[in-house]
Amino acid sequence: GAVVSQHPSWVICKSGTSVKIECRSLDFQATTMFWYRQFPKQSLMLMATSNEGSKATYEQGVEKDKFLINHASLTLSTLTVTSAHPEDSSFYICSAAGSANTGELFFGEGSRLTVL
Amino acid sequence: GDSVTQMEGPVTLSEEAFLTINCTYTATGYPSLFWYVQYPGEGLQLLLKATKADDKGSNKGFEATYRKETTSFHLEKGSVQVSDSAVYFCALTDSGNTPLVFGKGTRLSVIA
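Heads up: these notes are all about the structure in this document. (Residues numbered from 1 in each chain as written. Chains lettered and ligands numbered in written order. Predicted model: local features only at pLDDT ≥ 70, side-chain atom pairs only at ≥ 80, totals over all residues. Heavy atoms only, no water.)

1. Description of the overall build of chain B
Turning to step 1, where the next piece is worked out: Looking only at helices and strands, one finds 0 helices and 12 strands in chain B.
Turning to step 2, where the next piece is worked out: Starting at the N terminus and ending at the C terminus, chain B contains elements arranged as β-β-β-β-β-β-β-β-β-β-β-β.
Turning to step 3, where the next piece is worked out: Computed over its C-alpha atoms, the radius of gyration of chain B comes to 13 Å, within 12% of the 13 Å expected for a compact globule of 112 residues.
Turning to step 4, where the next piece is worked out: Dimensions of chain B, computed from C-alpha atoms along their principal axes, come out at roughly 40 × 25 × 20 Å.
Turning to step 5, where the next piece is worked out: Burial statistics for chain B: of 112 residues in total, 45% are counted as buried. (Helix = DSSP H or I, 4+ residues; strand = E, 2+ residues; numbered from the N terminus. Rg over C-alpha atoms; globule rule 2.2 N^0.38 Å. Buried < 20%, exposed > 50% of the residue type's maximum accessible area, 1.4 Å probe, protein only.)

2. Examining the sheet that holds strand 9 (residues 75-77) of chain B
All names here are of chain B.
Turning to step 1, where the next piece is worked out: With antiparallel pairing, 4 strands are arranged side by side in an open sheet as 3-9-8-7. Every interior strand has two partners, whereas the edge strands, strand 3 (19-21) and strand 7 (56-59), have only one. Along the sheet, successive strands turn relative to each other by an average axial angle of 15°, direction set aside.
Turning to step 2, where the next piece is worked out: Pairing geometry for strand 7 and strand 8 (residues 62-65), over 4 bridges, is antiparallel. Paired with Ser58 across the two strands is Glu63, which belongs to strand 8. (Pairing = 2+ DSSP bridges. Axes fitted to C-alpha atoms, helices over the stretch in contact; angles between N-to-C directions.)

3. So, the interface of chain B and chain A
Turning to step 1, where the next piece is worked out: Across the boundary between the two partners, chain B contributes 22 residues, which contact 21 residues of chain A.
Turning to step 2, where the next piece is worked out: Of the roughly 1,600 Å² buried between chain B and chain A, counting both surfaces, carbon and sulfur atoms make up 56%.
Turning to step 3, where the next piece is worked out: Viewed at the interface, chain A and chain B are joined by 0 salt bridges.
Turning to step 4, where the next piece is worked out: At the boundary of chain B and chain A, one finds 3 residue pairs in polar contact (both at pLDDT 80 or more).
Turning to step 5, where the next piece is worked out: Counting only elements with at least two residues in the side of chain B that touches chain A, the list comes to strand 5 (32-38), strand 6 (44-50) and strand 10 (86-93) of chain B.
Turning to step 6, where the next piece is worked out: Here the side of chain B that touches chain A gets 4 residues from one element, more than from any other, and that element is strand 5 of chain B.
Turning to step 7, where the next piece is worked out: By residue class, the composition of the side of chain B that touches chain A is 8 nonpolar, 10 polar and 4 charged. (Contact = heavy atoms within 4.5 Å. Buried area = accessible area lost by both parts, 1.4 Å probe. Salt bridge = Lys/Arg side-chain N within 4 Å of Asp/Glu carboxyl O. Polar contact = N/O pair within 3.5 Å; in protein donor to acceptor, adjacent residues only side chain to side chain. Nonpolar A, V, L, I, M, F, W, Y, C, P; charged D, E, K, R; others polar.)

4. Observations concerning the state of the cysteines
Turning to step 1, where the next piece is worked out: Applying the stated criterion to the full structure yields 2 disulfides over all chains.
Turning to step 2, where the next piece is worked out: Between the sulfur atoms of Cys23(A) and its disulfide partner Cys94(A) the distance amounts to 1.9 Å. Judged by the torsion about the S-S bond (80°), the Cys23(A)/Cys94(A) disulfide is right-handed. Here the residue Cys23(A) occupies a position in strand 3 (residues 19-25), and Cys94(A) occupies one in strand 9 (residues 90-97), the gap between them amounting to 71 residues. As far as the burial class goes, Cys23(A) and Cys94(A) line up, both buried.
Turning to step 3, where the next piece is worked out: Here Cys23(B) connects covalently by a disulfide to Cys90(B), the sulfurs 2.0 Å from one another. Judged by the sign of its S-S torsion, about -70°, the cystine formed by Cys23(B) and Cys90(B) is left-handed. Of this pair, Cys23(B) sits in strand 4 (residues 23-26) while Cys90(B) sits in strand 10, and the two are 67 residues apart along the sequence.
Turning to step 4, where the next piece is worked out: By relative accessible area, which is 1% here, Cys23(B) ends up buried. (Disulfide = S-S within 2.5 Å.)

And the structure:
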């Protein structure tokens, strides 16, 4: 199946710094990517929908100035957590829609962010 | 809006036991249905899917049938193994480029 790669897998940063997470579709072009956040032992919460070449669409309650999403190419979307605080510590997962338009999403491995 | 309801976990089973994880959904159209699995410390992987009523998805011994009349997509496996210990998510989408709607996940622990 299609491969989506996230980097970094783990990141620890100090409070107040910014962290960038990359999501790449390795063997297909993804016009749409989705960013999810997963709290411990909970389900995935959709944060935003990222479309190549346009502004991301954020879900209600997600601060767009805090979580900057850029989708500059058909194979790369980035999530930048700006001025991170401990409450931003979480598992962030990206996914991309497959080209077959079957509704299946391919997920990255996830990035665990810990803000000290 | 669309929603997915899964049975609450955790579920603890002995090896070779029969597994059922219930999943029901609410959707305005005719969604595609999925089961994803998340092993400890990893991201999500597609386990199986069904795109229309009466379709049966199957993989690695797991099965689920798309039941439109009961709006259900229950996950079953006849004989679980310790390696099946993971969190299982039921999900749906109405179309190819819309985000998945996930259930809350069910944690399965299989003991030897």
